[in-house]
Amino acid sequence: QVDSGNLYGTDGTPITVGFGTGEIAPLDALTNLSQVLAIANATMAKPNVVIPVWLATYLIQQVGARNSVQGDAANTIGPKQGLIYEGLAGWAGIYVSQNVPNTTATKYKVIGGDNHITLGIAVEQVKEVDLQNDFGSGVKGLLVYDAKLLQGEQMALGTFNKGTARVD
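So, how was this worked out
Residues numbered from 1 in each chain as written. Predicted model: local features only at pLDDT ≥ 70, side-chain atom pairs only at ≥ 80, totals over all residues. Heavy atoms only, no water. Helix = DSSP H or I, 4+ residues; strand = E, 2+ residues; numbered from the N terminus. Buried < 20%, exposed > 50% of the residue type's maximum accessible area, 1.4 Å probe, protein only. Contact = heavy atoms within 4.5 Å. Areas by Shrake-Rupley, 256 points an atom, 1.4 Å probe, with all protein chains shown as cover. Patch = residues over 30% accessible without salt bridge, like charges linked within 9 Å, V, L, I, M, F, W, Y side chains within 5 Å. Salt bridge = Lys/Arg side-chain N within 4 Å of Asp/Glu carboxyl O. Expected span 1.5 Å × (residues − 1).

**Student:** Tell me about the overall build of the protein chain, and please be specific about residues and values.
**Tutor:** In terms of regular secondary structure, the protein chain is built from 2 helices and 10 strands. Put simply, the protein chain has 168 residues, and 35% of those count as buried. For the protein chain, contacts bridging at least 24 residues in sequence account for 67% of all contacts bridging at least 6. Accessible area of the protein chain: about 10,100 Å², with a carbon and sulfur share of 52%.

**Student:** Hey, could you go over helix H2 (residues 53-63) for me, with residue numbers and the actual values?
**Tutor:** Residues Trp 54, Leu 55, Ala 56, Tyr 58, Leu 59 and Val 63 constitute the buried set of H2. One or two residues past the end of H2 sits Gly 64, with phi positive at roughly 65°.

**Student:** A description of a nonpolar patch on the surface should follow, citing residues and the corresponding values.
**Tutor:** A cluster of nonpolar side chains, contributed by Leu 119, Ile 121, Val 123, Val 126, Val 139, Leu 143 and Tyr 145, occupies part of the molecular surface with about 800 Å² of accessible area. Mapped onto the nonpolar patch, the elements with two or more residues apiece are strand E8 (117-130) and strand E9 (137-149). For the nonpolar patch, the element with the highest residue contribution is E8, accounting for 4 residues. Assignment of secondary structure puts Tyr 145 in strand E9. Residue class for Tyr 145 comes out exposed when judged on its relative accessible area of 62%.

**Student:** Tell me about the environment of Asp 146, and name the residues and values.
**Tutor:** For Asp 146, the location among the structural elements is in strand E9. The class of Asp 146 is exposed, set by a relative accessible area of 55%.

**Student:** Would you mind going over helix H1 (residues 26-39) in detail, with residue names and values included?
**Tutor:** The terminal C-alpha atoms of H1 lie 20 Å apart, and with 14 residues this matches the ideal 20 Å at 1.5 Å per residue to within 8%. All buried positions along H1 are accounted for by Pro 26, Leu 27, Ala 29, Leu 30, Leu 33, Ser 34, Val 36 and Leu 37. A positive phi of about 55° marks Asn 41, the residue just after H1.

As far as function goes, none of this settles anything; it's purely spatial.
Set out below in structure tokens:
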């Protein structure tokens, strides 16, 4: 549901992120994804991005915990609800998750932007039931939910392939 103008890489031509020849460095890939939002005039109050574990590893290998006067890096935050960096590459927060969608371990879908995703939850078909092993009754219901991106122009989607790991 992300606008077609806010794509960085596609299924046909994914961006290969790594340290090999012709590959995009992790910090550059995330900076370019942030630039897509800026060019689209998206809301940039507090943009966040969610990246796969391998990309987080590459990013830490490249950036580490350095902090320069140019502001090219932020301190590593640590395992705080998946937050690994704050204020890096144009992102207020860079989060890591094992649930970043991919196809056959390639074409990872990295999405970022301000919070423009809504979640709807409803409980349907509620009924009272007798508890099997206790005296009394309980409640049984069907929980349905769905999420929707309300403003596709406010988010950016990067399609990334895992490239060559760094060898020191």
